[in-house]
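Structural features, examined
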Amino acid sequence: TYTDGKGCENSDTRQVTVTNQITAEAGPDNTAICLNETLTLAGFSPANGTWTVKSGTGGSITNNVFSATQPGTFVLEYAINAGPCSDADTRTVVV
């Protein structure tokens, strides 16, 4: 309800839908692999998220498998979107 400066009142209603919080989990942190090896990304949840290489040069992810063409530290991000809610988590891989 709202009352303006002249004393007039008015009201309005609005329906709000509250959805459950979604939490992304990228799996175990601080994984090490050797150059020319691959890492199958497992332990992530919920399903149907998207993997990206957030930092590190020469890394790529295809079908939940990470590989790197040069040594370094890579930060991988797992992001999930579910309707209006989204979340992301990262994990570090050292090559």
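Scope of this entry: the structure provided in the associated data block.

Calculation rules
Residues numbered from 1 in each chain as written. Predicted model: local features only at pLDDT ≥ 70, side-chain atom pairs only at ≥ 80, totals over all residues. Heavy atoms only, no water. Buried < 20%, exposed > 50% of the residue type's maximum accessible area, 1.4 Å probe, protein only. Helix = DSSP H or I, 4+ residues; strand = E, 2+ residues; numbered from the N terminus. Pairing = 2+ DSSP bridges. Contact = heavy atoms within 4.5 Å.

Time to look at the pairing of strand β7 (residues 65-68). The two faces of a sheet get side chains in turn, since along a regular strand they alternate between them. Here β7 shows a clear split, with F66 and A68 buried on one side and none of V65 and S67 buried on the other. Relative to β7, strand β4 (residues 38-40) runs antiparallel, the two sharing three bridges. Bridging from a neighbouring strand, L39 pairs with F66 of β7. Sheet topology note: the strand β6 (residues 59-62)/β7 ladder contains four bridges and is antiparallel. By the bridge assignment, S60 is partnered in β7 with S67. Linkage of β6 to β7, two consecutive antiparallel strands, is achieved through a turn of two residues, within which N63 is found at a positive phi near 50°.

Quick look at the environment of T57 now. Following the sequence through the fold, T57 ends up in the loop between β5 (50-55) and β6. You can call T57 exposed: its relative accessible area is 56%. Considering only alpha carbons, one finds T57 and R14, 43 residues apart in sequence, at a separation of 49 Å. Those residues in contact with T57 that sit more than four places away from it in its chain are Q70 and F74.

Keep in mind these values describe shape, not function.
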